Amino acid sequence: MLTTLEGIAQAIPDGALVGVPPDYSGVAMAATLALVRRSARDLRLFCLPQGNLHADMLTGAGCVAEIETAAVTLGEQGPAPCFNRAVEAGRIRVKDSTCPALHAALTATERGVPFLPVRGLLGSDILAHRPDYRSIDNPFAEGGDPLVLVPAVKLDVALFHAPAADAEGNVWIGRRRELATLAHAAERALVTVERVVEGSFFEREATAASALSSLYVEAIAEAPRGAAPLGLAEHYEPDVAALRAYARAARTEGGFRAWLAETIGEAVPA
Amino acid sequence: MSVTPEVQRIATLADLIGPARHVAVGAASPVPAGAAFLARARHGTRVTVLHDRRQNSFTDGSRELFDLAGQGRIDVFFLGGVQIDGTANINLVGTGTYPHLTKRFPGSFGSAYLYFVVPRVILYREEHSPRTLVERVDFVSAPGTSPPDVYRPGGPSHLLTGKALFAFDQERARFRLVAYAPSEDAARIRAATGFAFDVDRDATPWSVPDAATLALIEEQVAPPLRASYPAFAERVFATGA
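Residues numbered from 1 in each chain as written. Chains lettered and ligands numbered in written order. Predicted model: local features only at pLDDT ≥ 70, side-chain atom pairs only at ≥ 80, totals over all residues. Heavy atoms only, no water.

Colleague: Before we move on, could you go through the interface of chain B and chain A and cite the residues and values that matter?
Modeller: Residue-level contacts link 39 residues of chain B with 41 residues of chain A. On the chain B side of the contact with chain A, R63, R104 and F109 of chain B bury the most area, a combined 21% of that side's loss. At the surface where chain B touches chain A, the tally comes to two salt bridges. For D96 of chain A, the salt bridge identified is with R104 of chain B, shortest N-O distance 2.8 Å. Inspection of the chain B/chain A interface yields 16 residue pairs in polar contact (both at pLDDT 80 or more). Counting only elements with at least two residues in the side of chain B that touches chain A, the list comes to β7 (100-104) and α4 (111-117) of chain B. No other element matches α4 of chain B, which puts five residues into the side of chain B that touches chain A. Considered class by class, the residues forming the side of chain B that touches chain A number 21 nonpolar, 11 polar and seven charged. (Contact = heavy atoms within 4.5 Å. Buried area = accessible area lost by both parts, 1.4 Å probe. Salt bridge = Lys/Arg side-chain N within 4 Å of Asp/Glu carboxyl O. Polar contact = N/O pair within 3.5 Å; in protein donor to acceptor, adjacent residues only side chain to side chain. Helix = DSSP H or I, 4+ residues; strand = E, 2+ residues; numbered from the N terminus. Nonpolar A, V, L, I, M, F, W, Y, C, P; charged D, E, K, R; others polar.)

Colleague: Lay out the domain arrangement of chain A with the relevant residues and their values.
Modeller: Residues and elements named next belong to chain A. As assigned here, chain A comprises domain 1 (2-100 + 153-262) and domain 2 (115-151). Using C-alpha coordinates to define each centre, domain 1 is positioned 30 Å away from domain 2. Listed as interface residues are seven residues of domain 1 and, on the opposing side, seven residues of domain 2. Taken together, both faces of the contact between domain 1 and domain 2 bury some 490 Å²; the carbon and sulfur share is 50%. Together, D96, S97 and T98 form the three largest contributors to the area buried by domain 1 at its contact with domain 2, with a combined 52%. (Domains from an automatic or database assignment.)

Colleague: I'd like to hear about the domain arrangement of chain B, residue by residue, with values.
Modeller: Size of an interface: often given as the accessible area lost when the parts come together. All names here are of chain B. Taken as a whole, chain B is organised into domain 1 (1-77 + 210-241) and domain 2 (80-209). On a C-alpha basis, the centroid separation for the pair domain 1 and domain 2 is 21 Å. Between domain 1 and domain 2, the residue contacts involve 24 residues of the former and 21 residues of the latter. The contact between domain 1 and domain 2 buries some 1900 Å² in all, and 67% of this surface belongs to carbon and sulfur atoms. Of all residues in domain 1, R9, L16 and F77 bury the most surface against domain 2, accounting for 33% of the area lost on that side. At the boundary of domain 1 with domain 2, the tally comes to one salt bridge. The shortest N-O distance in the salt bridge between R9 and E126 comes to 2.7 Å. Counting every contact that joins domain 1 to domain 2 gives 10 residue pairs in polar contact (both at pLDDT 80 or more). Of all the secondary structure elements, the ones that give two or more residues to the side of domain 1 that touches domain 2 are α1 (5-17), α2 (30-43), α3 (64-70), β3 (76-79) and α6 (211-228).

This is how it looks when you write it as structure tokens:
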């Protein structure tokens, strides 16, 4: 069950549907760079619910064919330059959605039901461009009351970073419950952690309540500062200088390639 | 403390929030967050800042915001838009003909849901021009109004820009100018706006925040903003000001 960053990158085949968390949750940046190093292709990203540096960098490196998301941005550092360029050039497909619909798609899989209803969306162009979403009238109402049904999405892989794993392969996720949702809804969860600790999180109720059972986890790699330059709660803050440097460099195709070559230590073919 | 445009906006938005129970603000929203902190100082309003773990008490991950909004536990939320049109449709996705956009923007985030279920959504967009305030948005991330059979306890209440404050009339699906910057007037606002709107007969230049408000901003708004939005606070509140 214990593997390396390279092992994780190898375990994600080209074309896989990969679920990833938002920037403030626990992004497996080190493993994402390993995916770039192995020249992953045609990945389909499912952002729960939005993408940041990870989505932008994978897109810029040519690893992504499709992104399902509520948004892609660099947050305080501004727009996501590689993502925006790829969309404007028609190089990737975007399945635009909204946060609670993305949660509903994975929650349906968690519960083993084919769809879940969500409020909102009616009259939006999101719904107009999502033929996979349906609207029905509430069968429990007297009449009318339309609402949108979101089909369950089963991920091939959930990829994220967490503070710790224990000797049994349980992962401590704290209150970042979207990581559990990603794992529950995936065929395989691949997780990087700051460190692997002795014992079991299930020995104490306090740690058990915020742990993800090894039953959902296929492989774990130790990766200290594995979310950097994004942050990890209580461990390290986002590296604002590094994120600004990325945002500046990635404004041009050439600037992005130079940044990537320096970051992964080898030239990246265009 | 000097009345910068940001301080003016914080005071105006806080007046709109009024004595709400719970206000939530999203990432990249320092001005709405400042207004929420001012409402907290005045009325004890609960404030949730989504991206700041010290300013939110969610334990069920990023879905908790949407779950509790759906239960009616958030009274006020803020949304913006690349484009906002005269019927309060908002576009956060891009300009051009979707999906072949000429300019892509981040995406709709939770707007397509929160616009429906949060009772009072305040639209805030600093840039006031025919480019941002358009007759019809290129992409509807979230519609301003819905047919009567659609479950919609929420929706837009106001639109604030750098030049003007509009109230939104849900029945008529139309904005009404209620206040404007002292340097503006209704004719100038009309020239800068791409959609048609009504003018309230009591429309006046907006009031400058009073001394008590400025003191509250200095004592109880600037400190949490420095923690949640350091770059913004550094620009707007000089140290020790």
